[in-house]
Amino acid sequence: MALGRIVHYAVDAVLVSTVVAGIRRSSGFAVDTTLISDPTMRSFADRFLGVGETIFDMAAATSVNSDYFKKDSRR
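What comes next concerns the included structure. The model shown is predicted, which means the values in this text are computed figures rather than measured ones.

## Examining the pattern of salt bridges
A side chain with one charge may pair with a side chain of the opposite charge, provided their charged atoms come close.
Line of reasoning, step 1. This model, assessed by the stated rule, comprises three salt bridges.
Line of reasoning, step 2. For R24, the salt bridge identified is with E53, shortest N-O distance 2.8 Å. Separated by 29 residues along the polypeptide, R24 in helix α1 (residues 2–27) and E53 in helix α2 (residues 39–64) bring together distant segments of the chain.
Line of reasoning, step 3. Taking the relative accessible area as the measure of exposure, E53 reaches 16% and is therefore buried.
Line of reasoning, step 4. Note that R25 is salt-bridged to E53, the shortest N-O span being 2.8 Å. With a gap of 28 residues between them, R25 in helix α1 and E53 in helix α2 connect regions that are remote in the sequence.
Line of reasoning, step 5. When salt bridges that share partners are traced, they join R24, R25, E53 and D57 into one network.

Scoring rules and cut-offs
Starting afresh in each chain, residues are numbered from 1 along the sequence in its written order. Given that the model is predicted, a residue must reach a pLDDT of at least 70 before its local features are reported, and side-chain atom pairs must reach 80 or more before they are shown or counted; all residues, however, enter totals for whole chains, interfaces and linings. To get the side-chain values, take all heavy atoms of the structure and skip hydrogens and water. Here a salt bridge means any side-chain nitrogen of Lys or Arg lying within 4 Å of a carboxyl oxygen belonging to Asp or Glu. Helix and strand labels come from DSSP, where a helix needs a run of H or I of at least four residues and a strand needs a run of E of at least two; each type is numbered from the N terminus. In this scheme, a residue with accessible area under 20% of its type's maximum is buried, one over 50% is exposed, and one in between is partly exposed, where area comes from a 1.4 Å probe on protein chains only.

Worth remembering: the numbers are spatial, not functional.
Below, the structure is given as C-alpha cells:
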C-alpha cells in the first residue's frame, strides 16, 4: 500500500514538472530557481524541472514521429 502511494506521488510530481516545462516552452515564462536561497533545494528544483523538460522532449519527439498527430497549419 505504501509503495503504491509513493509511486503515485512520484508520477504526479513528474506530471507537474512536465506541465511547467510545457508552460515554459509555449509562453517563455520559467520558474526562477535563483530565488531559492538554499543551494541544495535549488539543485533539487533544477533537477525536478529538468525531468519535466526531458519528458516533454520525449513526448514531442513521439508526436512528431506518430501518424496520430499532424502539424497545425495556423502557425
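There is more to say after this.
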